[in-house]
Amino acid sequence: MNISALPYDYALPDDLHHLALVIIDMQRDFLEPGGFGDALGNDVMRLQAIVPALQQLLAEFRSRGLLVIHTVECHQPDLSDCSESKLHRGKNDLKIGDRGPMGRILVKDEPGNGIIPQLAPLPHETVIYKPGKGAFYATPLAEILQDKGITHLLMTGVTTEVCVQTTMREANDRGYECLMVDDCTESYFPEFKQATLEMMRAQSGIVGWTAPAANVLAALHQQCVLNAAEPEFGIRSNPLNPN
Ligand code: C5J
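First, a word on what this report is: a plain description of the structure on this page. Note that this is a predicted model, so its numbers are computed, not measured.

## Examining the site of the ligand
Neighbouring the ligand are the residues Asp-25, Phe-30, Phe-36, Glu-73, Lys-133, Val-158, Thr-159, Val-162 and Cys-163. In this structure, a nitrogen atom belonging to the ligand sits 2.9 Å away from a side-chain N or O atom of Glu-73. Contact distances for the ligand include 3.2 Å between an oxygen atom and a backbone N or O atom of Cys-163. In the complex, 92% of the free accessible area of the ligand, which totals 230 Å², lies under the protein chains.

The structure is reproduced here in structure tokens:
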């Protein structure tokens, strides 16, 4: 089954258990006043617009028992995993580790570091805590995806041109077929979001594909109807790692 996408249709794997939904950094730090995004001088409220579409996609994955990966950008309380360059970048009153209205900025388990309640992970869902912008850097993400036989990734979350784009590029280099869901990702800068979407799909999909959530949902429904009709559905292998 294909998702109607740009620059051309995106082919879903026959067995949808090879597909994962990646939700990048939908944490209060970036979406609510008083967090890291706010401290950097951004209008954080504009990121809230994607929450309903993302909730729909998440509900679909959950109802079908498909893999969902949440990520959170954060650092250990002693900031030992925060590079000097990241710590000292910028000219803001509040830096990483400083105490703000939602606790210490970008520090693991502080109130501001929590994923927004509308998208809160279920207890069995994987949460990747990442110190960098890309979700593969200094995390177990690569091993988790390989263990679970994932070949296809739907990329969502914030911000489009920073953590979402970085992760999609990292994933593309690792051989994953990636599609960025265009109304499930947002940026503080609309023009950067638009440019990112265009960069992903330029040159015949040099990094991957883009499509709206409605197109993804329509294709998932059709694929599930097909899968339900196939008796071997459920027998899984990992095409990226056949052994
Ligand atoms: C940023 C992110 N923008 N999640 N992080 O610093 O995109």
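## Notes on the nonpolar core
A general tendency of soluble globular proteins is for nonpolar side chains to be buried together. Core analysis: the biggest nonpolar cluster contains 49 residues, and Ile-3, Tyr-10, Met-26, Leu-154 and Leu-179 have the highest contact counts within it. Within the residue set of this core, elements represented by two or more residues are β3 (19-24), α1 (28-31), α3 (51-63), β4 (67-73), β8 (152-158), β9 (177-186), β10 (209-211) and α8 (213-228). Excluding residues within four positions of it along the chain, Tyr-10 makes contact with Met-1, Asn-2, Ile-3, Ala-5, Leu-19, His-152, Leu-153, Leu-154, Glu-177, Cys-178, Leu-179 and Trp-209.

## Observations concerning the packing of α3 against α8
Closest axis-to-axis distance for the α3/α8 pair is 10 Å, and the angle between their directions is 15 degrees. For the element pair α3 / α8, the angle class is roughly parallel. The two elements α3 and α8 meet at a crossing, and its hand is left-handed. Here Ala-53, Gln-56, Leu-57, Glu-60 and Phe-61 of α3 come into contact with α8, specifically with Ala-213, Val-216, Leu-217, Leu-220 and His-221. Partitioned by chemical class, the residues of the contact of α3 with α8 number seven nonpolar, two polar and one charged.

## A look at unusual backbone geometry
In the segment running from Leu-6 into Pro-7, the intervening peptide bond is cis, with an omega of 5 degrees. Positive phi values are uncommon outside glycine, yet Leu-106 reaches one of about 60 degrees. Within the secondary structure layout, Leu-106 lies in the loop between β6 (103-104) and β7 (126-130). One non-glycine residue with positive phi stands out, namely Gln-203, at about 55 degrees. Structurally, Gln-203 is set in helix α7 (residues 190-205). Gln-203 sits in the exposed class, given a relative accessible area of 63%.

## Comments concerning the layout of surface pockets
Over the atoms, a rolled probe matching the size of one water molecule traces out where space is still vacant. In this structure, the largest pocket spans a volume of roughly 490 Å³. Around the largest pocket, the lining comprises 23 residues; the ones closest to its centre are Phe-36, Leu-40, Glu-73, Lys-133 and Val-162. Only α2 (36-39), α4 (84-88) and α6 (160-173) provide two or more residues apiece to the lining of the largest pocket. Here the lining of the largest pocket is built from residues that sort into 11 nonpolar, six polar and six charged. Contributing elements (two or more residues each) for the lining of the second largest pocket: α3 and β4. A breakdown of the residues in the lining of the second largest pocket according to their chemical character gives six nonpolar, four polar and four charged.

## Focus on the side chain of Glu-73
With respect to the helices and strands, Glu-73 occurs in strand β4. Polar side-chain contacts of Glu-73 include one of 2.7 Å to the side chain of Lys-133.

Rules and cut-offs
Residues numbered from 1 in each chain as written. Predicted model: local features only at pLDDT ≥ 70, side-chain atom pairs only at ≥ 80, totals over all residues. Heavy atoms only, no water. Near = heavy atom within 4 Å. Polar contact = N/O pair within 3.5 Å; in protein donor to acceptor, adjacent residues only side chain to side chain. Areas by Shrake-Rupley, 256 points an atom, 1.4 Å probe, with all protein chains shown as cover. Core = buried A, V, L, I, M, F, W, Y, C linked by side-chain atoms within 4.5 Å. Buried < 20%, exposed > 50% of the residue type's maximum accessible area, 1.4 Å probe, protein only. Helix = DSSP H or I, 4+ residues; strand = E, 2+ residues; numbered from the N terminus. Contact = heavy atoms within 4.5 Å. Axes fitted to C-alpha atoms, helices over the stretch in contact; angles between N-to-C directions. Parallel < 35°, antiparallel > 145°, perpendicular 65-115°, else oblique. Left-handed = near helix turned anticlockwise from the far one by under 90°. Nonpolar A, V, L, I, M, F, W, Y, C, P; charged D, E, K, R; others polar. 1 Å grid on protein atoms, 1.4 Å probe; cavity = no way out; pocket = protein on both sides within 12 Å on 5 of 7 lines; lining within 4 Å. Points joined across faces, edges and corners; volume = space filled by probe spheres on them.

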